[in-house]
Amino acid sequence: MTEAPFDLAVEGVSVAYANGHLALRDASFHLSGGTICALVGVNGSGKSTLFKSIMGFVKPVSGHVTINGAAVKVALKRNVVAYVPQAEEVDWDFPVSVADVAMMGRYGRMNFLRIPSATDKTKVEEALRRVSMWDFRDRQIGELSGGQKKRVFLARALAQEGRVILLDEPFTGVDVKTEQAIIDLLRELRAEGCIILVSTHNLGSVPEFCDQVVLINRTVLGYGPTSEVFTEDNLSKAFGGALRHFHFEHSTVQDHDGRAIRVLTDDERPLVFGKDGHLEYKDREGREDILRQREEET
Amino acid sequence: MRDALWVGMMVAATCAMLSCFLVLRGWSLMGDAVSHAVLPGIVVAYGVGLPLAVGAFVAGLFCSIATGFIQRNSRVKKDTVMGVVFTGMFALGLVMFSRMESDLHLDHILLGNILGISRSQALQTLILGAVLLVVTWVKRRDLLLVSFDRGQAKVLALPERLLDYLLLSLLSLAIVVSLQAVGLILVVAMLVTPGSVGLLWTDRFDRMLLIAVGSAVASTASGILISYHLDASTGGCIVLVQALVFCASLAFAPKYGWLGRHMNRRKGKENPV
């Protein structure tokens, strides 16, 4: 796919609840594809409100969202915005199969009878194969594991050929293997020029795969490349007292335990900060100089 | 008698198809509410000389829209609001009916009178039923999507509100066409039972529609025949047969019935994964 890079602009968006209370005040940021951008903030910080305004579910009282310069409504008509919901938003007892769900991504491109064409069927097959769910195509969706469910809805976004893809907490209830598979897929989509916006409270995974971050607490506190924005200082600002801090003191880490740090955690990745940025990094390519420098310091 | 059979089967098919959506959306009570709420509409339409279907349709739609509106603008929960609105409207209908001189029979409206249906009424019901059936079948995928995942419908820029109103309109009209067959007290059975039977037998939506329609048509035809031979209430017989089909499905459906689940559990014990 070689289309012009997509861009998403959120400018001065304020959203009010029915009671007049502001959920989001004067939020602005700018993204252009391909990028994987994390939307980070505590519960109630306005993450989902921001999502909803990008998808056109809520109308801002001021400001506007544009996708490739066009209003959200126009972008939705072009089917370029895709959404991967949280597991709780879906009734898993519905009598629909994996293939049915993926096909729902194509509805906007069908005529009003919604009879799938050959193209629709190929796109669905491609999408399901890409998330390794083709073999499960005839399963009823309630019979899948948490990770498989996530992948089905991701396949729907792929089948839709969305260029702006929003994922709401994609790693909740997902096993480590699927998490890695999803991350790999998102990277491929980034390479194809998609804008991927991931709302997450799983901080540890952010530096792992997101190249940009939007920090949010009732407004946008900051946005930009992960290495600049996703710092201990900024996170403290965004989360206030809601983050637990563990400092590994000089004595415990270096002398006592022979320079070994062990962090145990449940399914969520811990976020580990070291001197000048992140200690743990899977993409170290292009950063050899930092690695060398650190080597020398020790 | 033959007219009654045709009309009954058409009504059964229409209601059965809609019942699949109601069951999946958790709108069963909505079917009950709208069916009671049509009474004042019928009385008014009779009074001013409009077709009864028009009055019933307007009243049914008013009930569902008023329920939604009150719920959004108060702290009372939806099922409660619905209970108040539909009983209120039903009561209004009763009062209006008792104050009006007419040759309408209240028990025909409440309990149906399919064996006494006239040729023109039968024709009217058949045509309206066929239209409803076709519209529901054609729009089934969109209606399913708004019930299943509203977010996706919005993201695809489908007119989700319009689809809600479409479903409500189809529901009101289906109630109108079934009044003659089973009466407004038992309509809700036609609008709930077939869908739940379908849901017990399969986990594919199109198959669920077909099973619901098939079981409803068969139960209605046999219900009418039984009532004719036993000289018993027709509406009652139809709904009773449907209820028996439901019970049988509950027990014997292969995957979701009790027997099926029991067998699966035993199979699971014999060959643990």
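Reading guide: rules and limits
Residues numbered from 1 in each chain as written. Chains lettered and ligands numbered in written order. Predicted model: local features only at pLDDT ≥ 70, side-chain atom pairs only at ≥ 80, totals over all residues. Heavy atoms only, no water. pLDDT = per-residue confidence, 0-100. Helix = DSSP H or I, 4+ residues; strand = E, 2+ residues; numbered from the N terminus. Axes fitted to C-alpha atoms, helices over the stretch in contact; angles between N-to-C directions. Left-handed = near helix turned anticlockwise from the far one by under 90°. Contact = heavy atoms within 4.5 Å. Nonpolar A, V, L, I, M, F, W, Y, C, P; charged D, E, K, R; others polar. Polar contact = N/O pair within 3.5 Å; in protein donor to acceptor, adjacent residues only side chain to side chain. Buried < 20%, exposed > 50% of the residue type's maximum accessible area, 1.4 Å probe, protein only. Pairing = 2+ DSSP bridges. Right-handed = clockwise from strand over helix to strand, strands pointing away. Core = buried A, V, L, I, M, F, W, Y, C linked by side-chain atoms within 4.5 Å. Domains from an automatic or database assignment.

1. Considering the confidence of the model for chain B
Of the residues in chain B, 98% have a pLDDT of 70 or more, and the chain-wide mean is 89. Taken element by element, chain B is modelled with least confidence in helix H12 (residues 258-270) of chain B, mean pLDDT 78, and with most confidence in helix H10 (residues 205-230) of chain B, mean pLDDT 95.

2. Remarks on the packing of helix H1 (residues 2-25) of chain B against H10 of chain B
Residues and elements named next belong to chain B. With their axes 8 Å apart at the nearest point, H1 and H10 run at an angle of 145 degrees to one another. Helix-helix and strand crossings are classified by hand; for H1 and H10 the assignment is right-handed. Seen from H1, the contacting residues are Ala-4, Leu-5, Gly-8, Met-9, Ala-12, Ala-13, Ala-16, Met-17, Cys-20, Phe-21 and Leu-24; seen from H10, they are Phe-205, Met-208, Leu-209, Ala-212, Val-213, Ala-216, Val-217, Thr-220, Ala-221, Ile-224 and Leu-225. Its residues placed into classes, the contact of H1 with H10 shows 20 nonpolar, two polar and no charged.

3. Some words on the side chain of Gln-152 of chain B
Mapped onto the elements, Gln-152 of chain B comes out in helix H8 (residues 150-155). Among the polar contacts listed, one links the side chain of Gln-152 of chain B to the side chain of Gln-160 of chain A, at a separation of 3.5 Å. Dropping the residues within four chain positions of it, Gln-152 of chain B is found in contact with Tyr-83, Met-104, Gly-105, Arg-156 and Gln-160 of chain A together with Leu-145 of chain B.

4. Observations regarding the pairing of strand E8 (residues 195-200) of chain A
Residues and elements named next belong to chain A. The buried fraction of E8 is high, at six of six residues. The alternating pattern of E8 places Ile-195, Leu-197 and Ser-199 on one face and Ile-196, Val-198 and Thr-200 on the opposite face, and all of these are buried. Here strand E3 (residues 35-40) runs beside E8; their pairing, made up of six bridges, is parallel. Paired with Ala-38 across the bridge in E8 is Val-198. Summarising the sheet, strand E7 (residues 164-168) and E8 pair through five bridges and their orientation is parallel. Note on E8: the bridge partner recorded for Leu-167 is Val-198. Assessed by its sense of winding, the connection that carries the chain from E7 through helix H6 (residues 176-191) to E8 is right-handed.

5. Focus: the sheet that holds E8 of chain A
Residue and element names in this part refer to chain A. Taken together, the six strands give an open sheet; going across it, the order is E6-E7-E8-E3-E9-E10, and neighbouring strands pair in mixed fashion. Taken across any chain shown, the strands that pair with only one partner, and hence form the sheet edges, are strand E6 (81-84) and strand E10 (220-225). Strand-to-strand twist of the sheet, defined as the mean angle between neighbouring strand axes without regard to direction, takes the value 15 degrees. Where strand E9 (residues 212-216) meets E10, five bridges bridge the pair, whose relative direction is antiparallel. The partner of Val-214 across the bridge, within E10, is Tyr-223.

6. A closer look at the pairing of strand E1 (residues 7-16) of chain A
Residue and element names in this part refer to chain A. Burial analysis of E1 places seven of its ten residues in the buried class, the great majority of the element. Both E1 and strand E2 (residues 22-32) contribute to a ladder of seven bridges, which runs antiparallel. Bridged to Asp-7 within E2 is Ser-32. Linkage of E1 to E2, two consecutive antiparallel strands, is achieved through a turn of five residues, within which Gly-20 is found at a positive phi near 90 degrees. Here E1 runs beside strand E4 (residues 62-67); their pairing, made up of five bridges, is antiparallel. Residue Val-10 lies in a different strand from E4, and its bridge partner there is Val-65.

7. Quick notes on the nonpolar core
Grouped burial of nonpolar side chains is what soluble globular proteins tend to show. If you look at the biggest cluster of nonpolar residues, it comprises 127 residues, and the most contacted ones within it are Val-40, Leu-128, Leu-186 and Ile-196 of chain A together with Phe-148 of chain B. If you tally residues by element for this core, the top one is helix H9 (residues 160-201) of chain B, at 16 residues. The residue makeup of this core includes at least three contributed by each of domain 1 (1-80 + 164-171 + 196-298) and domain 2 (87-161) of chain A. Excluding anything up to four places from it in sequence, Leu-128 of chain A contacts Val-98, Ala-99, Ala-102, Met-133, Trp-134, Arg-137 and Ala-155 of chain A. If you look at the next biggest cluster of nonpolar residues, it comprises 31 residues, including Phe-6, Phe-29, Val-72 and Val-164 of chain A.

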